[in-house]
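# Remarks on the overall topology
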Amino acid sequence: MMVRLGLSLYEIPDNGQGECIFAQDVKEITKCAAAGKAERQCDMRDIPREQTLSLHFPRPKTYNRGECACTPVQFFVILSMQRSGSGWFETLLNSHPNISSNGEIFSVKQRKSNISSILTTLDTVYSLEWNSSSAKNECVSAVGFKWMLNQAVMVYHRQIVNYFNWKGVSVIFLFRRNLLQRLISVLANAYDRDAKQLNGTHKSHVHTREEAEVLAQYKPMLNVSVLIRDLSNVERMMEDSLQHFKSTRHIILYYEDLINNHRALADVQEFLSVPIRRLESRQVKIHTRPLSQQIENWEDVFNTLKGTQYENFLHHTDYLT
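Think of each chain on its own: its residues are numbered from 1, step by step along the sequence as written. Per-residue local features are limited, in this predicted model, to residues with pLDDT of at least 70; the limit for side-chain atom pairs, both in listing and counting, is 80 or more; totals at the level of whole chains, interfaces and linings are taken over all residues. Only hydrogens and water are set aside; all other atoms, that is, all heavy atoms of the structure, feed into the side-chain values.

- Looking at an unreviewed UniProt entry, one finds the protein chain named Sulfotransferase, with Macleaya cordata as its source organism.

## Observations concerning the nonpolar core
- In this text, buried Ala, Val, Leu, Ile, Met, Phe, Trp, Tyr and Cys residues form a nonpolar core when linked through side-chain atoms within 4.5 Å. To sort residues, take the accessible area from a 1.4 Å probe on protein chains only and compare it with the maximum for the residue type: under 20% means buried, over 50% means exposed, and anything in between is partly exposed. Membership of the largest hydrophobic core comes to 49 residues, with the highest contact counts inside it found for Tyr126, Trp147 and Phe164.
- Contact between two residues is taken to exist if any of their heavy atoms lie within 4.5 Å; hydrogens are not considered. Ignoring anything within four residues of it in the chain, the contact list for Trp147 reads Val77, Ile78, Leu79, Ser80, Phe106, Ile118, Leu122, Val153, Ile160 and Phe164.
- Leu92, Leu93, Leu258 and Leu265 belong to the second-largest nonpolar core, a separate cluster that totals 22 residues.

## Quick word on the packing of helix H8 (residues 227-244) against helix H11 (residues 298-305)
- Each axis is a line fitted through C-alpha atoms, taken for helices only over the stretch in contact, and angles between the N-to-C directions span 0 to 180 degrees. Helix and strand assignments follow DSSP, with helices taken as H or I runs no shorter than four residues and strands as E runs no shorter than two, numbered in order from the N terminus. Between H8 and H11, the least distance of the axes is 10 Å, while the angle of their chain directions is 65°. It follows from the interaxial angle that H8 and H11 lie roughly perpendicular. Contact with H8, carried on its side by Leu227, Ile228 and Leu231, involves Val301, Thr304 and Leu305 of H11 and no other residues of that element.
- Its residues placed into classes, the contact of H8 with H11 shows five nonpolar, one polar and no charged. To sort the angles, those under 35 degrees are grouped as roughly parallel, those over 145 as roughly antiparallel, those from 65 to 115 as roughly perpendicular, and the leftovers as oblique. Think of it as three bins: nonpolar holds Ala, Val, Leu, Ile, Met, Phe, Trp, Tyr, Cys and Pro, charged holds Asp, Glu, Lys and Arg, and polar takes everything else, Gly as well.

## Concerning the packing of helix H3 (residues 115-126) against helix H5 (residues 157-167)
- Axis separation between H3 and H5 bottoms out at 11 Å; the angle between their running directions is 25°. Regarding the angle of H3 to H5, the classification is roughly parallel. Here H3 and H5 pass one another in a crossing that is right-handed. Across the interface between the two elements, Ile115, Ile118, Leu119, Leu122, Asp123 and Tyr126 from H3 touch Gln159, Ile160, Tyr163, Phe164 and Lys167 from H5.
- Partitioned by chemical class, the residues of the contact of H3 with H5 number eight nonpolar, one polar and two charged. The crossing is said to be left-handed when, going from far helix to near helix, the turn is anticlockwise and less than a right angle, and right-handed when the turn is clockwise.

Below is the structure:
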């Protein structure tokens, strides 16, 4: 077990006699250290004190971190909603040599079936034992994953907040300001799941302009009778998540800002305590046309939202022109 004492990190071993392994407070750890039963592992004098509570030194059981054993690791989670840019954002993070974001791990039903399964999965990720193509295990400085709000995180939010605060997990909220644009993306993605427009294959994200053009041809018909209600429900879920997780260390990002504000990605890297690098993604944006060219019943949608609190969605895009 790795514990902090002052500016040093100690490993409290299980010596088979029950001594020291349950040392939890400073007094007990000091006693173990003085008795030579706790080995001093890592010096943290170069780490700002305000950062020490959110930095960790995992000791995986299946491999040795070697020379990076004393490289501190920041735990994070991306809380978002489908079609809000989280896939693109995660590829940007994973282009950093010191960040591992392990995808949408709670899309698998068994992992979110109850709080016990959820906590076991979280423990696996944050002990650097999670196997994925994004893993940079030995010398990773920030490890996390993306978690959609409809994947049980809101159901068990109290227990999860307690876990995050206990473990020092930092939360990255990623939302979309223009919820109408998000709705178009949700409907278009659902359509392609059945239509499989790219040579019989469904793709949620694409890497060529040609593929993007094919998917952008589809223009959904929006149900205007429930449009305001649907936008309001999404807005409420976003607000509820911010309320539930307000006690955590967190940062709030918007997809539009990541596109238009180059400083936003630097802010994220500072938040994760990693060196600032130029982040890159091979993903190509699908919907780049004006909204009037993306919606089949544009006039109905325009008239429905005009004069409401959502009228600004009609006039603001999420891309640079």
